[in-house]
Amino acid sequence: MGKKGKKEKKGRGAEKTAAKMEKKVSKRSRKEEEDLEALIVHFQTLDARKTEVVETPCSPPSPRLNASLSAHPGKDELILFRGEYFNSQKTFLYNELYVYNIRKDTWTKVNTPSPPPSRCAHQVVMVPQGGRQLWVFGGEFASPNGEQFYHYKDLWVLHLATKTWEQVRSTGGPSGRSGHRMVAWKRQLILFGGFHESTRDYIYYNDVYAFNLDTFAWSKLSPAGTGPTPRSGCQMSVTPQGGIVLYGGYSKQRVKKDVDKGTRHSDMFLLKPEDGREDKWVWTRINPSGVKPTPRSGFSVAMAPNHQTLFFGGVCDKEEEENLEGEFFNDLYFYDATRNRWFAGQLKGPKSEKKNRRRGRKEEPEGGSKQACGRASAQGPVEVVKEVVAEDGTVVTIKQVLAAPGSVGQAQSEDEDSSEEASSPVPGPCPRSNAMLAVKHGMLYVYGGMFEAGDRQITLSDLHCLDLHRMEAWKALVEMDPETQEWLEETDSEEDSEEEVEGAEGGYEDEDSAEESSAED
């Protein structure tokens, strides 16, 4: 009894500390959010002048990260919503909505009356209700200098049949935040975590909310058991058994004045209704078997065929004294909830190449051909090396690791013929974090994101796809040369202060906008 009482006191103490911190952050950020709120209202006034939906064929969208890419539930389309961009001097937030037609390989820009204001690091969920809808909650808006933030707590729905927006006003919902996660569970939206940041303070959340799609009412859940610690940018997906799994994420805490320590979480939890009741939930920590992803943040998630959760890319920051270097990834992992097991995604390589290798195997000189970027062994990964030349002439080497052959959700084949046919390097998306993912008809689509080359942040606008059933090779649908990325040096412009409003507005007039990337999103 004594131990239990101690535990409960400790829990109440942690809750009080969190409440005090939230109040402190709220007070300090209120003024800067009021300043940005006036700017947001100005932009909404401009949007209110639009009276009809206008769809315009266009070229592929400009570079961005922390947007959302969603598969239309009833059409062969992908919907790209909002996002951010940073050119070393200025933060741009997009206010755009794009539709990519998969069959026609074409892009359309959709302008709608009274849409949600510009944002990034929000969450989007597609549901079949009401003739198919896209729901959006939260996210953040940043000042052009990237030093002030406004965190949204608004909820919107896009009616896909008419392409019209509706803001759903309901009390009792989550506080303003970004980097949270949200999924559709039966006829509810379940939301977890995220963070809120002001100029000097920040707070991470581990609260859970449910929004009922029938009653349009929020409710805060209080699951039993020990759940995840506060975090943002985690993996969250629904299992075939009706539970919700949560993996990883990122958080930071202040260790002393002006010094923060970041944590890349690698724990995993299951949230499920207790005794089948939808009003009572319980957390359980789980420890899957198999090949788990290495610790990282900024990874992207989508639902793959057979109800598996797909995990792509990310970054692992390595701190050395005052230097911070990021190792970026482009690898694939799958989590099979039915077997509670992780698998590494493995590419087989194009069939045509395999046939050529089969025909020429006996004629090949001993030791095989020696390609510049190397060749995979039967069991090992393939490493492709790319070089990016920065504006100052610095050559930055990017290593792209491709997994060995195999299939979705399965260990590598032990078949001798398959082993001998280990794939040669297969080009695909370069290593990156904060990319956008979507799966449609068993095809994985990866758009945009960012990586770092020295002191430069390279924001991407390429689009790649991969057949998750065949797992043979990536296909580039939209390519991008990173060397064309705009990156302004400190001496390039002294007029930022005069352009702040234009920079914040971003995509209202041009296809500019976004904000500096962070692991939290």
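Definitions and cut-offs
- Residue indices begin from 1 for each chain and proceed along its sequence in written order.
- Since the coordinates come from a predicted model, pLDDT governs what is reported: local features require at least 70, and pairs of side-chain atoms require 80 or more to be given and counted, while whole-chain, interface and lining totals use all residues.
- Excluding hydrogens and water, the side-chain figures rest on all heavy atoms present in the structure.
- Put simply, DSSP H or I for four residues or longer makes a helix, DSSP E for two residues or longer makes a strand, and each gets a number counted from the N terminus.
- Relative accessibility under 20% of the residue-type maximum defines a buried residue, over 50% an exposed one, and the middle range a partly exposed one, all with a 1.4 Å probe and only protein chains included.
- Only heavy atoms enter the contact rule, under which two residues are in contact if any of them lie within 4.5 Å.
- Centre distance within 6.5 Å is the pairing criterion for rings of Phe, Tyr and Trp, where only the six-membered ring of Trp is used; planes under 30 degrees apart are then read as stacked, over 60 as edge-to-face, and the remainder as tilted.
- Counted as over-ring charges are cases with an Arg CZ or a Lys NZ within 6 Å of the ring centre that also lie within 35 degrees of the ring normal.
- Residues belong to one nonpolar core when they are buried, are Ala, Val, Leu, Ile, Met, Phe, Trp, Tyr or Cys, and are joined through side-chain atoms within 4.5 Å.
- When DSSP locates at least two bridges between a pair of strands, those strands are taken to pair.
- Lines are fitted to the C-alpha atoms to define the axes, a helix being fitted only along its stretch in contact, and any angle between axes, read from their N-to-C directions, falls within 0 to 180 degrees.
- For every residue, the pLDDT score states the predictor's confidence, bounded by 0 at the bottom and 100 at the top.
- For this analysis, a polar contact is any N or O atom pair within 3.5 Å, provided that within protein one partner can donate a hydrogen and the other can accept it, and provided that sequence-adjacent residues contribute only side-chain to side-chain pairs.

As annotated in an unreviewed UniProt entry, the protein chain carries the name Kelch domain-containing protein 4 isoform 1 and comes from Callithrix jacchus.

> I'm lost on the environment of K163 in this one. Help?
If you trace the backbone, K163 turns up in the loop between β12 (155–159) and β13 (164–167). Residue K163 is classed as buried on the basis of its relative accessible area, which comes to 16%. Excluding residues that lie within four positions of it along the chain, K163 makes contacts with V53, E55, V110, T112 and L158.

> Can you help me understand the packing of aromatic side chains in this one?
Counted under the stated rule, the structure contains 28 aromatic pairs. For the pair Y100 and W107, a centre-to-centre distance of 4.8 Å together with 45° between the ring planes defines the contact as tilted. Neither Y100 nor W107 differs from the other in exposure class; each is buried. Look at F137 and W218: their rings are 5.6 Å apart centre to centre, the planes differ by 70°, and that puts the pair in the edge-to-face class. With a gap of 81 residues between them, F137 in strand β9 (residues 133–137) and W218 in strand β17 (residues 217–221) connect regions that are remote in the sequence. Accessibility assignment for this pair places F137 and W218 in one class, buried. An aromatic cluster of three or more residues is present, and its members are W135, F137, Y209, F211, F216 and W218. Sitting over the face of the ring of Y152, R119 holds its NZ or CZ atom 3.9 Å from the ring centroid. Of note, R177 hangs over the ring of Y205, and the distance from its end group to the ring centre comes to 4.1 Å.

> Can you help me understand the nonpolar core in this one?
Here is a general trend for soluble globular proteins: nonpolar side chains tend to be buried in one another's company. In terms of nonpolar packing, the biggest core is built from 16 residues, with L310, F312, L332, L444, L466, L468 and W474 touching the most fellow members. For this core, the secondary-structure elements that each account for two or more residues are β24 (309–320), β25 (323–336), β29 (436–440) and β30 (443–453). The residues touching L332, leaving out its near neighbours within four places in the chain, are L310, F311, F312, F343, A344, G345, L444, L466, M471 and W474.

> I'm lost on the sheet that holds strand β15 (residues 188–197) in this one. Help?
Sheet strands pair by backbone hydrogen bonding; their relative direction is either parallel or antiparallel. Strand order in this open sheet of four strands is β14-β15-β16-β17, and the pairing throughout is antiparallel. The open sheet has two free edges, formed respectively by β14 (181–185) and β17, since each of these has just one partner strand. Neighbour-to-neighbour, the strand axes of the sheet open up by a mean angle of 25°, direction not taken into account. As paired elements, β14 and β15 share five bridges and run antiparallel to each other. Counterpart to V183 in the pairing with β15 is I190.

> Honestly, the confidence of the model for the protein chain in this entry has me stumped. Any pointers?
Parts of the model with low pLDDT should not have their predicted coordinates read in detail. Per-residue confidence for the protein chain gives a mean pLDDT of 81, with 73% of residues at or over 70. Contacts from residues 402–423, a stretch scored under 50 in pLDDT, to residues over four places away or in other chains number 70 contacts.

> It is not clear to me how the side chain of T309 should be interpreted in this structure. Could you clarify?
Considering the arrangement of structural elements, one finds T309 in strand β24. A distance of 2.8 Å separates the side chain of T309 from the side chain of S237, its partner in a polar contact. Ignoring anything within four residues of it in the chain, the contact list for T309 reads Q235, S237, V301, A302, M303, Y333, F334 and Y335.

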